[in-house]
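Below, each chain spelled out in residue letters.
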Amino acid sequence: MSERTLVLVKPDGVSRGLVGEVISRIERKGLKLAALELRVVDRATAEQHYAEHDGKPFYNDLVEFITGGPLVAVVVEGARAISAFRQLAGGTDPVEKATPGTIRGDFGLEVQFNLVHGSDSPESAEREIKLWFPNL
Ligand code: DAT
Ligand code: MG
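What counts, and where the lines are drawn
Residues numbered from 1 in each chain as written. Chains lettered and ligands numbered in written order. Predicted model: local features only at pLDDT ≥ 70, side-chain atom pairs only at ≥ 80, totals over all residues. Heavy atoms only, no water. UniProt positions renumbered as here; feature names shortened; annotations may be inferred. Near = heavy atom within 4 Å. Polar contact = N/O pair within 3.5 Å; in protein donor to acceptor, adjacent residues only side chain to side chain. 1 Å grid on protein atoms, 1.4 Å probe; cavity = no way out; pocket = protein on both sides within 12 Å on 5 of 7 lines; lining within 4 Å. Sits in = over half its atoms within 2 Å of the grid points. Nonpolar A, V, L, I, M, F, W, Y, C, P; charged D, E, K, R; others polar. Phe/Tyr/Trp six-rings, centres within 6.5 Å; stacked < 30°, edge-to-face > 60°. Lys NZ or Arg CZ within 6 Å of the ring centre and 35° of its normal. Pairing = 2+ DSSP bridges. Helix = DSSP H or I, 4+ residues; strand = E, 2+ residues; numbered from the N terminus. Axes fitted to C-alpha atoms, helices over the stretch in contact; angles between N-to-C directions. Contact = heavy atoms within 4.5 Å.

In the annotation of an unreviewed UniProt entry, the entry for the chain reads Nucleoside diphosphate kinase, and the organism field reads Saccharothrix xinjiangensis. Quoted verbatim from the Subcellular location (unreviewed entry) heading of the UniProt record, the comment on the chain is "Cytoplasm". Per UniProt, the comment on the chain under Function (unreviewed entry) is "Major role in the synthesis of nucleoside triphosphates other than ATP. The ATP gamma phosphate is transferred to the NDP beta phosphate via a ping-pong mechanism, using a phosphorylated active-site intermediate."

The environment of ligand 1 is formed by Lys10, Tyr50, His53, Phe58, Leu62, Arg86, Thr92, Arg104, Val111, Gln112 and Asn114. Here Lys10 contributes a side-chain N or O atom positioned 3.0 Å from an oxygen atom of ligand 1. Between ligand 1 and Arg104, the relevant distance is 3.0 Å, taken from an oxygen atom to a side-chain nitrogen or oxygen of the residue. Most atoms of ligand 1, that is more than half of them, are within 2 Å of grid points of the largest pocket. Class assignment for the residues of the shell around ligand 1 results in 4 nonpolar, 4 polar and 3 charged.

On to the packing of aromatic side chains. Applying the stated rule across the entire model yields 1 aromatic pair. The ring of Phe133 has Arg39 sitting right over it, with the charged end atom 5.0 Å from the ring centre.

Turning next to the sheet that holds strand β1 (residues 2-9). Read from one edge to the other, the open sheet built from 4 strands follows the order β2-β3-β1-β4, with strand pairing classed as antiparallel. Each end of this open sheet is capped by a strand with a single partner; those strands are β2 (32-39) and β4 (116-118). Along the sheet, successive strands turn relative to each other by an average axial angle of 20°, direction set aside. Inspection of the sheet shows β1 paired to strand β3 (residues 71-79) by 8 bridges, in the antiparallel sense. Counted as the bridge partner of Leu6 is Val75 from β3. The strands touched by helix α7 (residues 122-132) are β1, β2, β3 and β4; relative to β1, the strand with the most contacts, the crossing angle is about 60°.

Structure, rendered in structure tokens:
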């Protein structure tokens, strides 16, 4: 059974030239691209995307960061796509939690700049895909 997940190559990933690397890993895993767009996200969308973190100490910086430059939004599709991409991404902290071999483990150094986002559950995926690609 196929499912969809929302992936972002965040502004740090774009500015560091890692879009191809991330997309390549997604494709090599056997997942498919269902939608893909380079865009600068407005504050309202960013706040909705990260609504679960509203009130946390890092929330404002997170919204500033994600709106601070172009990112690549992708809908990724395939069997167990949500877990499969979270596994490719690695844990949130690129040094403490993400192992080498993962995107964050290989290319990340600081938790604020961990390169990619992936939906964490079917409910999040549905909400996020509607938010980022309302016409899909
Ligand atoms: P993930 O992106 O692995 O789903 P999350 O949803 O807990 O992680 O947090 C969203 C983003 O917020 C994360 O990718 C980076 C940032 N973040 C999380 N915890 C943080 C912290 N303690 N300090 C600074 N930024 C943090
Ligand atoms: Mg998350």
